[in-house]
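Okay, here's what each chain looks like letter by letter:
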Amino acid sequence: MNDRKPMGQQKPMEPAATNRSKKGGGNAKPAKLSRDVQARLGQQLRAMYDDVVSQGVPDRFNDLLNRINGGKKDGQ
Amino acid sequence: MPMDESVRKAVLGAVPSLRAFAISLCGNVDRADDLVQETLLRALANIDSFQPGTNMSAWLFTILRNHFRSEYRKRRREVEDGEGHYAETLKSQPDQIGQVEFREFREALAQLPSDQREALVLVGASGFSYEEAAHICDCAVGTIKSRVNRARTRLAELMGIESAEEFGPDQTTRAVLASGE
């Protein structure tokens, strides 16, 4: 009895769109991001970066420097 | 000729962040490590052009970035395996960030134009000043600033974020962010 159809490929109506009219902006307005958004993006960026940093120096690079240091003449 | 111990230390000390920067450029760990290796070889072959007392890390970043742009960029995405492989290298998911959100972030970052991405990473993660980043990227300070701003705006757009509430159900973090600092 409920008229609601399962939404297949049909585009849902998105009633939520009304109370957030600015969302989904394709418009290239250079809006200023709020501080908390900036902070959150920064946090994610650093988390990603620091994760790699925390892996330290892989053996490969220690070996490389040791090899170079081990008496190889410069210029190849 | 053996390299100076202080040089060796400084070079090795820069490796972890060089890798992180390289991964953000390449999006692929193996290629990033190759890039770092080639960077180190170039740097050590030209160690005479390094001025003692200046920032070794910035010098290495400059070499890496130039090498990436001349050699790697054109091959970019040829061997794109992006997410899967990259995710493997991430040992720990940061607790304070939801997994989905973190993945979305990385995907969004990968979509940024490389100029913007490198500026954002240098300033936002590597800890370089705008001036240092400008030097590394061989451009004006104002250019770096605008790239960073555009990068942030674009990231937020790609992730569909306009306010911190849209970061998902992670109330704790938001509360901390809102109340803290």
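This one's a predicted model, so the numbers in the text were calculated from it and none came from an experiment.

Another aspect to go through is the overall build of chain A. For chain A, the count of helices and strands is 2 helices and 0 strands. Relative to its full complement of 76 residues, chain A shows a buried share of 13%.

Residue and element names in this part refer to chain B. At a minimum axis separation of 8 Å, helix H3 (residues 56-72) and helix H7 (residues 130-137) run at an interaxial angle of 40°. Judged on the interaxial angle alone, H7 and H3 are oblique. Considering the relative orientation of H3 and H7, their crossing is right-handed. Within the contact between the two elements, H3 uses Ala58, Phe61, Thr62 and Arg65 and H7 uses Glu132, His135, Ile136 and Cys137. Its residues placed into classes, the contact of H3 with H7 shows 4 nonpolar, 2 polar and 2 charged.

It is worth spelling out the domain arrangement of chain B at this point. Residues and elements named next belong to chain B. Here the domain parsing of chain B yields domain 1 (1-77) and domain 2 (100-164 + 173-181). Taken together, the contact pairs 10 residues of domain 1 with 11 residues of domain 2. Residues belonging to the side of domain 1 that touches domain 2 are distributed by class as follows: 4 nonpolar, 4 polar and 2 charged.

Across its 18 residues, helix H8 (residues 141-158) of chain B extends 26 Å between first and last C-alpha, which sits within 8% of the 26 Å expected from 1.5 Å per residue. Inspection of H8(B) places B:Ile144, B:Arg147, B:Ala151, B:Arg152, B:Thr153, B:Leu155 and B:Ala156 among the buried residues, and these make up the whole buried set. For H8(B), the elements touching its buried residues are helix H1 (35-53) of chain A together with helix H5 (99-111), helix H6 (114-124) and H7 of chain B. One or two residues past the end of H8(B) sits B:Gly160, with phi positive at roughly 70°.

Residues and elements named next belong to chain B. Residue Asp138 is not a glycine yet carries a positive backbone phi of 55°. Along the chain, the position of Asp138 falls in the loop between H7 and H8. Residue classification places Asp138 among the exposed residues on the basis of 11 C-beta atoms within 10 Å.

Turning our attention to the packing of helix H1 (residues 5-26) of chain B against H3(B). Residue and element names in this part refer to chain B. Viewed as axis vectors pointing N to C, H1 and H3 meet at an angle of 35°, and their least axial separation amounts to 10 Å. The interaxial crossing formed by H1 with H3 has right-handed handedness. Of H3, the residues touching H1 (which contributes Ala10, Val11, Ala14, Ser17, Leu18, Phe21, Ala22, Leu25 and Cys26) are Met56, Ser57, Leu60, Phe61, Leu64, Phe68 and Tyr72. A breakdown of the residues in the contact of H1 with H3 according to their chemical character gives 14 nonpolar, 2 polar and no charged.

About the thresholds
Residues numbered from 1 in each chain as written. Chains lettered and ligands numbered in written order. Predicted model: local features only at pLDDT ≥ 70, side-chain atom pairs only at ≥ 80, totals over all residues. Helix = DSSP H or I, 4+ residues; strand = E, 2+ residues; numbered from the N terminus. Buried ≥ 20, exposed ≤ 12 C-beta atoms within 10 Å, placed from the backbone. Axes fitted to C-alpha atoms, helices over the stretch in contact; angles between N-to-C directions. Parallel < 35°, antiparallel > 145°, perpendicular 65-115°, else oblique. Left-handed = near helix turned anticlockwise from the far one by under 90°. Contact = placed C-beta atoms within 7 Å. Nonpolar A, V, L, I, M, F, W, Y, C, P; charged D, E, K, R; others polar. Domains from an automatic or database assignment. Expected span 1.5 Å × (residues − 1).

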